[in-house]
Protein chains: 2
Amino acid sequence: MTATLTEKKMPEPRNGVDTPTLFATIKAVGAQPELAQFRFRAINRWQQGTHSRTRIQSFYGAGGEQMHEQEFTYDADHPAVLVARDQAPTPVEFLLHALAACITAGIGTIAAARGVTLYEVESTVEGDIDLQGILGLSDSVRNGYEQIRVSFKIKGDAPEEKLRAIIEQSRMRSAVFDVLTNGVPVTISVNAA
Amino acid sequence: MTATLTEKKMPEPRNGVDTPTLFATIKAVGAQPELAQFRFRAINRWQQGTHSRTRIQSFYGAGGEQMHEQEFTYDADHPAVLVARDQAPTPVEFLLHALAACITAGIGTIAAARGVTLYEVESTVEGDIDLQGILGLSDSVRNGYEQIRVSFKIKGDAPEEKLRAIIEQSRMRSAVFDVLTNGVPVTISVNAA
């Protein structure tokens, strides 16, 4: 029995996560913390009106410059109801995507580490925003979301409490959840010459 | 001369912004503030490992349910150097896209409102993150970005100071800048039945 339980706790590949290699990588980073320093980048160009386009490809991490396997391009715009051309979602909708995707990435990984096979993870994210802020109609209304709600549905080969604990652990280690709930210093520089 | 100056200040269409309609819309919202209540949504499904996919289409605003003109779909993943399959950018990179796109949308609009024709707006956004946090290697390192830097290059038919002031006004009214710098309450609910 003890041997079986121990075996079950070994980090075998699961949920599409190469758990042994991931654990080895985390151990390597623990021994050489400078490998954990990452710098992500995005380059955005205005198209017209509220429409812009972002390219994402290079980043720094694991001790050197890295490239995504391809360049990714994303547009953003405002919707027709805000007198724009709706070429893409609004920037604030991308925050909801980032939040759901970050916690969900953690869920896949943590479930694998805990020996849980997932069948399904779906989340709906909603953000409430009062546009009187950004439209300059009220100085007492904030510009951004007043609150965000995430609703997860999860299915896997583990009891409900274990599945809930996986989501909670992912929330506790989510980079996007941290940034959105705690904020981050943002500096802006301008070349207008 | 005075007439000419006044004319120049009239909000004519510019930069792809239908300024007269936008101003009329803002006036209408000012008279009926419930029109300013928006709720944005995203639905995310786990694919495998750290890879998930988000759909964005419907939102509430301007007094009713709205639909983007099409459904938008975005993936997110972790890169190969983090033992994943790099099917898409990381969730934290989408935060950089959202930030650049939000301030840039404001720049296009505010420039139009101020009678400035833009030739070019480009921004590079960088975020520094120490992965010792999310990898569970340190409890004193935060999970998210430690700082974000945005560097704008802007060209238009106005003096440098006026172009700088447009960017500053956009920052002051940016929903994403507000959320990222000040944080927002996020609640998570789970259905694991």
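Quick look at the structure, then. (Residues numbered from 1 in each chain as written. Chains lettered and ligands numbered in written order. Predicted model: local features only at pLDDT ≥ 70, side-chain atom pairs only at ≥ 80, totals over all residues. Heavy atoms only, no water.)

Take the relation of the copies chain B and chain A next. It takes a turn of 180 degrees to lay chain B on chain A, together with a shift of 0.0 Å along the axis; the resulting RMSD is 0.0 Å. Here the two chains are linked by the operation of a two-fold rotation axis. Across chain B, the smallest distance between a C-alpha and the rotation axis is recorded for G183 of chain B, namely 2.1 Å. (Least-squares fit on C-alpha atoms with pLDDT ≥ 70 in both.)

Glancing now at the packing of aromatic side chains. Applying the stated rule across the entire model yields 10 aromatic pairs over all chains. Measuring from ring centre to ring centre gives 5.8 Å for F38 of chain B and F40 of chain B, while their planes differ by 35 degrees; the resulting arrangement is tilted. Residues F38 of chain B and F40 of chain B agree in their burial class; the two are buried. These aromatic residues form a ring-pair network of at least three members: Y74 and F94 of chain A together with Y74 and F94 of chain B. (Phe/Tyr/Trp six-rings, centres within 6.5 Å; stacked < 30°, edge-to-face > 60°. Buried < 20%, exposed > 50% of the residue type's maximum accessible area, 1.4 Å probe, protein only.)

In this section: helix α5 (residues 175–182) of chain B. All names here are of chain B. Burial analysis of α5 places six of its eight residues in the buried class, which makes it a mostly covered element. Turning to α5, its buried residues are A175, V176, F177, D178, V179 and L180. Between the side-chain oxygen of the N-cap and the backbone nitrogen of V176 there are 3.4 Å, and the N-cap of α5 in question is S174. Just downstream of α5 lies G183, where phi reads positive at about 80 degrees. (Helix = DSSP H or I, 4+ residues; strand = E, 2+ residues; numbered from the N terminus. Polar contact = N/O pair within 3.5 Å; in protein donor to acceptor, adjacent residues only side chain to side chain.)

The subject of this paragraph is the sheet that holds strand β1 (residues 37–48) of chain B. Taking strand neighbours across the sheet as the criterion, the six strands line up as β3(B)-β2(B)-β1(B)-β4(A)-β5(A)-β6(B) in an open arrangement whose pairing is mixed. The strands lining the two open edges of the sheet, one partner per strand, are β3 (64–76) and β6 (186–191) of chain B. Taken pair by pair, the neighbouring strands of this sheet meet at an average axis angle of 15 degrees, ignoring direction. Bridge count between strand β4 (residues 118–130) of chain A and β1 of chain B: nine bridges; the pairing is antiparallel. Residue pairing in the sheet places G127 of chain A in a bridge with F40 of chain B of β1 of chain B. (Pairing = 2+ DSSP bridges. Axes fitted to C-alpha atoms, helices over the stretch in contact; angles between N-to-C directions.)

In this section: the interface of chain B and chain A. When the parts of a complex come together, some accessible area is lost, and that lost area is often used as the size of the interface. If you look at the interface, chain B gives 128 residues, while chain A gives 128 residues. With both chains or domains summed, chain B and chain A bury close to 11500 Å², and 60% of this area falls on carbon and sulfur atoms. For the chain B face of the interface with chain A, the top three residues by lost area are F40, W46 and R173 of chain B, together amounting to 7%. Across the chain B-chain A interface, the total number found is 12 salt bridges. The shortest N-O distance in the salt bridge between E120 of chain B and R45 of chain A comes to 3.2 Å. Where chain B packs against chain A, one counts 72 residue pairs in polar contact (both at pLDDT 80 or more). Note that strand β6 (residues 186–191) of chain A and strand β5 (residues 147–156) of chain B share six bridges and pair parallel. Note that in β5 of chain B the partner of V190 of chain A across the bridge is F152 of chain B. (Contact = heavy atoms within 4.5 Å. Buried area = accessible area lost by both parts, 1.4 Å probe. Salt bridge = Lys/Arg side-chain N within 4 Å of Asp/Glu carboxyl O.)

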